[in-house]
Amino acid sequence: APSTAAAAASFAPPKLSTATPSSSTYQQQHHQPNNTPSTLTPGPSHLFANKPRRTTTKSSPLSLLTGQAKLDKLALAEDYRLKAKKAMTRGIFSRPDPIAAGNYYKRAADAYKQCGENRLERLHRIASGDCQLGQEAYATAAVEYMRAAELAEGSEETLARKRQECHKLYGDAAG
């Protein structure tokens, strides 16, 4: 019989804490030493309050290509542009392919981005968005238009021109 009493004692449910959140016992039990963050999910004000805003200025000079690498990347971007143009031409046995052209325009825009050519990147993102929108790929088109609008914000044009272009691009992304 002693073994069953010991076994019953080991399977007894744990004692629940009677401390309330306002009692000092609760605060001692749940105190976080050294200001470590709690495991609770933070609220939205904590998540977004201290995050730096993404800027649309030119990339840091360290991440941009220079010299022969830049010339090679520009040639690659031009090749993508020509492939996109060819994909949109009508032939005897072929039709225009806006999806392929949109992908080539996007690749060209990415190459121009690596070279720091913001104006050319913006133009090719708009072309890619137009191709995607024509095929009802709305989400892809919206991404391209949004990136083009971000580039337009950081452009060196007049304020009125920036506002007009950003308004149109954000409208195209939403529509």
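Residues numbered from 1 in each chain as written. Predicted model: local features only at pLDDT ≥ 70, side-chain atom pairs only at ≥ 80, totals over all residues. Heavy atoms only, no water.

(A) View of the pattern of salt bridges. Within the structure shown, the criterion is met by 14 salt bridges. Lys-70 is paired through a salt bridge with Glu-117; the nearest N and O atoms lie 3.7 Å apart. Of this pair, Lys-70 sits in helix H4 (residues 67-87) while Glu-117 is found in the loop between helix H5 (98-115) and helix H6 (118-134), placing the two residues 47 residues apart along the sequence. Asp-79 is paired through a salt bridge with Lys-83; the nearest N and O atoms lie 3.8 Å apart. (Salt bridge = Lys/Arg side-chain N within 4 Å of Asp/Glu carboxyl O. Helix = DSSP H or I, 4+ residues; strand = E, 2+ residues; numbered from the N terminus.)

(B) Looking closely at H4. If you check H4, its first and last C-alpha atoms are 31 Å apart, about what 21 residues at 1.5 Å a residue would give, namely 30 Å. When H4 is considered as a whole, its buried residues turn out to be Ala-77, Tyr-80, Ala-84 and Ala-87. Projected down its long axis, H4 shows its buried positions confined to an angular sector of 80°, all on one face. Exposed residues on H4 whose side chains face more than 90 degrees from its buried face are Gln-68, Leu-71, Lys-85 and Lys-86. (Expected span 1.5 Å × (residues − 1). Buried < 20%, exposed > 50% of the residue type's maximum accessible area, 1.4 Å probe, protein only. Arc of directions from axis to C-beta.)

(C) Structural context of the nonpolar core. With nine residues, the main nonpolar core is built from Ala-141, Ala-142, Tyr-145, Ala-148, Ala-149, Ala-152, Cys-166, Leu-169 and Ala-173. Counting residues per element, the ones that place at least two in this core are helix H7 (138-153) and helix H8 (159-174). No other element matches H7, which puts six residues into this core. Once residues lying within four places of it in the same chain are set aside, the contact partners of Ala-141 are Gly-129, Gln-132 and Leu-133. One finds Ala-87, Tyr-105, Ala-127 and Cys-131 within the second-largest nonpolar core, a separate group that totals six residues. (Core = buried A, V, L, I, M, F, W, Y, C linked by side-chain atoms within 4.5 Å. Contact = heavy atoms within 4.5 Å.)

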